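# Examination of the molecular architecture
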Amino acid sequence: ALGYPDQALARNEQGLALARTLAQPFSEVWALMSTAVVHHLRGDQKAAHEHAEAAIAIANEKGFAYFLGLASVLRGHALFEQGGGADAIAEMRRGIDVSRATGAVLGVPYYLALLASAHGRHDQARDGLVMVAEGLAEVARTGERFWEAELLRLKGQLLLQEDTANEPAAEACFRNAIDIARSQGARSWELRAAISLARLWSTQDKQAEAYDLLSEIHGWFSEGFDSADLLAAGKLLDMTNGTQGASPRDSRGAQLVR
């Protein structure tokens, strides 16, 4: 979240290796879950899928219902990102239900955001907005704000997808997401929100503004340039710097950064 994707992966690999030396299933399933999350955030859906599968196997064997539910959400999302459709979304919904049945609330905004993103990319913007609203309600209720900026960014994306007349509301969501991410020092979430706002501006013949916004946050990063978000930011910088006056409005609705 702080903007160090490579360090996150390295620390995670150390943690997973340690957990495996302990011969302690609870520690191992926790480490596998964390690994799936880190790979998801970096955009490596194949690795996220593999580690979620391993977590599910242990959770099933040991009866860890909370981990079973959340690992199922991660597996469903990874499957969706690799070409899955309604079945993957259904698995995500089942996973959230299993987790919530334990009484746990930790992580709910994050998993609802994953589901919202999948709905949006499955041309179900209205369903995605319902999930975002539920996620933001959880943020307000529990104070778990780790994923608040991303929920707001997704809200803006889904509003754009639903109706191009929602551009002002979407821009407000993106700006709010940037402000929240900055207040948290969450550079990775700031980058994602800046990508979304820059994409919107690029459809409004504001390439210069889009480039300035994105180049500032992109220039802050010193690592993780093979991660999905930084690769996306680099491509958008090339586009906004090299196509002044272009207006690729047809691509706006599909740009849901993972």
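Cut-offs applied
- Residues numbered from 1 in each chain as written.
- Predicted model: local features only at pLDDT ≥ 70, side-chain atom pairs only at ≥ 80, totals over all residues.
- Heavy atoms only, no water.
- Phe/Tyr/Trp six-rings, centres within 6.5 Å; stacked < 30°, edge-to-face > 60°.
- Helix = DSSP H or I, 4+ residues; strand = E, 2+ residues; numbered from the N terminus.
- Buried < 20%, exposed > 50% of the residue type's maximum accessible area, 1.4 Å probe, protein only.
- Axes fitted to C-alpha atoms, helices over the stretch in contact; angles between N-to-C directions.
- Parallel < 35°, antiparallel > 145°, perpendicular 65-115°, else oblique.
- Left-handed = near helix turned anticlockwise from the far one by under 90°.
- Contact = heavy atoms within 4.5 Å.
- Nonpolar A, V, L, I, M, F, W, Y, C, P; charged D, E, K, R; others polar.
- Salt bridge = Lys/Arg side-chain N within 4 Å of Asp/Glu carboxyl O.
- Expected span 1.5 Å × (residues − 1).
- Polar contact = N/O pair within 3.5 Å; in protein donor to acceptor, adjacent residues only side chain to side chain.
- Core = buried A, V, L, I, M, F, W, Y, C linked by side-chain atoms within 4.5 Å.

### Side note on the packing of aromatic side chains
- A full pass over the atoms with the stated rule returns 12 aromatic pairs.
- In textbook terms, an aromatic cluster arises when at least three aromatic residues are bridged by ring pairs, as seen for Phe-26, Trp-30, Phe-64, Tyr-66 and Phe-67.

### Re the side chain of Glu-148
- Locating Glu-148 in the fold gives a position in helix α8 (residues 148–162).
- Residue classification places Glu-148 among the buried positions, given a relative accessible area of 15%.

### Some thoughts on the packing of helix α7 (residues 125–142) against α8
- Running from amino to carboxyl end, α7 crosses α8 at an angle of 155°, the nearest separation of the two axes being 9 Å. As summarised for this structure, α7 and α8 are arranged roughly antiparallel, according to the angle between their axes. Remark: the crossing between α7 and α8 carries left-handed chirality. Contacts between α7 and α8 involve Ala-125, Arg-126, Gly-128, Leu-129, Val-132, Gly-135, Leu-136 and Val-139 on the former and, on the latter, Glu-148, Leu-151, Leu-152, Leu-154, Lys-155, Leu-158, Leu-159, Gln-161 and Glu-162.
- For the contact of α7 with α8, the class distribution of residues is 10 nonpolar, three polar and four charged.

### Quick notes on the pattern of salt bridges
- Counting across every chain of the model gives 18 salt bridges.
- Between Arg-20 and Glu-28 there is a salt bridge whose closest N-O contact spans 3.8 Å.
- A salt bridge links Arg-182 to Glu-190; the shortest N-O distance between them is 2.9 Å.
- A single salt-bridge network, built from bridges that share partners, covers Glu-150, Arg-153, Arg-192 and Asp-229.

### Details of helix α11 (residues 207–220)
- Spanning 14 residues, α11 covers 20 Å between terminal C-alpha atoms, matching the ideal 20 Å at 1.5 Å per step.
- Within the sequence span of α11, burial applies to Gln-207, Ala-210, Leu-213, Leu-214, Ile-217 and His-218.

### So, helix α3 (residues 45–62)
- Spanning 18 residues, α3 covers 26 Å between terminal C-alpha atoms, matching the ideal 26 Å at 1.5 Å per step.
- Residues of α3 that are buried: Gln-45, Ala-47, Ala-48, His-49, His-51, Ala-52, Ala-55, Ile-56, Ile-58 and Ala-59.
- On its buried face, α3 sits against α1 (5–21), α2 (25–42) and α4 (65–81).
- A positive phi of about 75° marks Gly-63, the residue just after α3.

### What about the packing of α3 against α4?
- Between α3 and α4, whose axes approach to 8 Å, the crossing angle comes to 155°. As summarised for this structure, α3 and α4 are arranged roughly antiparallel, according to the angle between their axes. Of the two elements, α3 crosses α4, and the hand of that crossing is left-handed. Each of Gln-45, Ala-48, His-49, Ala-52, Glu-53, Ala-55, Ile-56, Ala-59 and Asn-60 in α3 lies in contact with α4, whose residues at this interface are Phe-67, Leu-68, Ala-71, Ser-72, Leu-74, Arg-75, His-77, Ala-78, Leu-79 and Glu-81.
- For the contact of α3 with α4, the residue count by class is 11 nonpolar, five polar and three charged.

### Looking at unusual backbone geometry
- Although it is not a glycine, Ala-23 sits at a positive phi angle of roughly 50°.
- Looking at where Ala-23 falls in the secondary structure, it is placed in the loop between α1 and α2.
- Unusually for a residue other than glycine, Asp-123 sits at a positive phi of about 60°.
- Mapped onto the elements, Asp-123 comes out in the loop between α6 (108–121) and α7.
- By relative accessible area, Asp-123 is classed as exposed at 69%.

### Some details on the environment of Ala-233
- Mapped onto the fold, Ala-233 is located in helix α12 (residues 228–242).
- Residue classification places Ala-233 among the buried residues on the basis of a relative accessible area of 0%.
- Sequence spacing of Ala-233 and Ser-202 is 31 residues, and the spatial spacing of their C-alpha atoms is 13 Å.
- Excluding residues that lie within four positions of it along the chain, Ala-233 makes contacts with Leu-191, Ile-195, Leu-214 and His-218.

### Re the side chain of Arg-153
- Its location among the elements puts Arg-153 in helix α8.
- A polar contact of 2.6 Å, which involves the side chain of Arg-153, links it to the side chain of Glu-150.
- Within the structure, Arg-153 has its side chain in polar contact with the side chain of Ser-196 (distance 3.0 Å).

### Quick word on the nonpolar core
- Of all hydrophobic cores here, the largest spans 73 residues; its most connected members are Met-33, Leu-74, Tyr-111, Leu-191 and Leu-214.
- With residues up to four places along the chain from it excluded, the contact list for Met-33 reads Ala-55, Phe-67, Leu-70, Ala-71, Leu-74 and Tyr-111.

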